[in-house]
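Understanding the architecture of this molecule
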Amino acid sequence: MLVQVEIWGKGLEFCYGKALVKLFPNKDLTLLKDSVTLRNELLKKKLKIQKEKFNIDSVNNLLDALLKAKLDSDNPLVQEPEITDEHILMTVGDIFGAGVETTSSVIKWCIAYLLHYPQVKEKIQKEIDQKIGFGRTPVLSDRNQLLYLESTIREVLRIRPVAPLLIPHMAWTDTSIGEYTIPKGTRIYVNLWSIHHDPTQWNEPERFIPERFLDKNKDQLIIPNASYFPFGSGPRVCIGEFLARSELFLFLAWILQRFDLEVPEDGELPSLDGLYGVVFQITPFKLKIKLRKGWREAELSA
């Protein structure tokens, strides 16, 4: 039995019964399963190698840190939850799945929208030129100055959310939303795409308008309404949100400080339709990159 709950449009879906989610055989699913199997085998081999050369006095990477935490959790005098090899493998797998592909996908969406809206790109570059210049590279503390870049990133995360259905959740207790009873154990899917494109919550939701995340004076970042949570919300919000926002800001600031992004010679703009999956990816596209005159001159005079 499937119940669609009308919250912010088609906000939540609940699947009841033992058949919570039925995965019908298809090529994409087979490819996903094969890829996960291959990834797990590679990670197990890497973990085995790391265990053999592990030195508690020389922690140099994530696996070392996790192995040290595992040793600490094995100590009966330390009141810490037990950490198993499975925990380590899942953590490292999450780093690859959620910490690399998601950010690179959003950056590609940002570039695609800047090609479609060159006036937005020019406005960001003007802001960088005025606030940062060419004498140094942007740093995280510049986020308070590069407000239009920040608002553009927020708008991309709204109009093309990295995970349109977020990550599945499960109700820990019997509860309810509105008139619907939600039994304990119900798997819950949040339709973020619908929430971010709900015309009752957003003015012209299909339009790309970075200014919607700035106040009327254009000198302060805002969240225009409660229907915006590209990284989820509550206790299960994405733990990588701060890292992802930092990476997006730095990569885009560095790129736009140094380069002009232009449509290729054939004049073909990127498709904004996207490829649906766990991560909402953009169709591969071409662009022309040119070194900016100001940056070239700064490099020559350095």
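Please refer to the structure higher up on the page.
Report on the accompanying structure.

What follows covers the overall build of the chain. Scanning the chain for helices and strands turns up 9 helices and 8 strands. Here the chain holds 302 residues, and 38% of them are scored as buried. By sequence separation, contacts in the chain at least 24 residues apart represent 67% of the contacts at least 6 residues apart. Surface summary for the chain: the accessible area is close to 18400 Å², and the carbon and sulfur share equals 58%.

Relative to the assigned elements, His197 resides in the loop between helix 7 (192–196) and helix 8 (241–258). For His197, the side chain forms a polar contact with the main-chain oxygen of Trp193, separated by 2.8 Å. Other than its neighbours up to four places away in sequence, His197 contacts Arg158, Ile159, Arg160, Pro161, Trp202, Pro205 and Glu206.

Next up on the list: the packing of helix 4 (residues 101–116) against helix 8. Following both chains from N to C, one finds helix 4 and helix 8 inclined at 40°, their axes separated by 10 Å at the closest point. In terms of orientation, helix 4 lies oblique with respect to helix 8. Two packed elements cross with a definite hand, and for helix 4 against helix 8 that hand is right-handed. Contacts from Thr103, Val106, Ile107, Cys110 and Leu114 of helix 4 reach helix 8 at Ala244, Glu247, Leu248, Phe251, Leu252 and Leu256.

Below, the discussion takes up the pattern of salt bridges. Scanning the model with the defined rule gives 14 salt bridges in all. As a salt-bridge pair, Glu241 and Arg245 come within 3.0 Å of each other at their nearest N and O atoms. Of this pair, Glu241 and Arg245 both sit in helix 8, 4 residues apart, which is roughly one turn of that helix. Taking the relative accessible area as the measure of exposure, Glu241 reaches 25% and is therefore partly exposed. A salt bridge links Glu265 to Lys288, with the nearest nitrogen and oxygen atoms 3.0 Å apart. Placement of the pair is Glu265 in the loop between strand 7 (259–262) and strand 8 (288–291) and Lys288 in strand 8, with a sequence separation of 23 residues. Note on Glu265: relative accessible area 70%, which makes it exposed. Overall, Lys288 belongs to the partly exposed group, its relative accessible area being 27%. Each of Glu262, Glu265, Lys288 and Lys290 takes part in a single network of salt bridges with overlapping partners.

Calculation criteria
Residues numbered from 1 in each chain as written. Predicted model: local features only at pLDDT ≥ 70, side-chain atom pairs only at ≥ 80, totals over all residues. Heavy atoms only, no water. Helix = DSSP H or I, 4+ residues; strand = E, 2+ residues; numbered from the N terminus. Buried < 20%, exposed > 50% of the residue type's maximum accessible area, 1.4 Å probe, protein only. Contact = heavy atoms within 4.5 Å. Areas by Shrake-Rupley, 256 points an atom, 1.4 Å probe, with all protein chains shown as cover. Polar contact = N/O pair within 3.5 Å; in protein donor to acceptor, adjacent residues only side chain to side chain. Axes fitted to C-alpha atoms, helices over the stretch in contact; angles between N-to-C directions. Parallel < 35°, antiparallel > 145°, perpendicular 65-115°, else oblique. Left-handed = near helix turned anticlockwise from the far one by under 90°. Salt bridge = Lys/Arg side-chain N within 4 Å of Asp/Glu carboxyl O.

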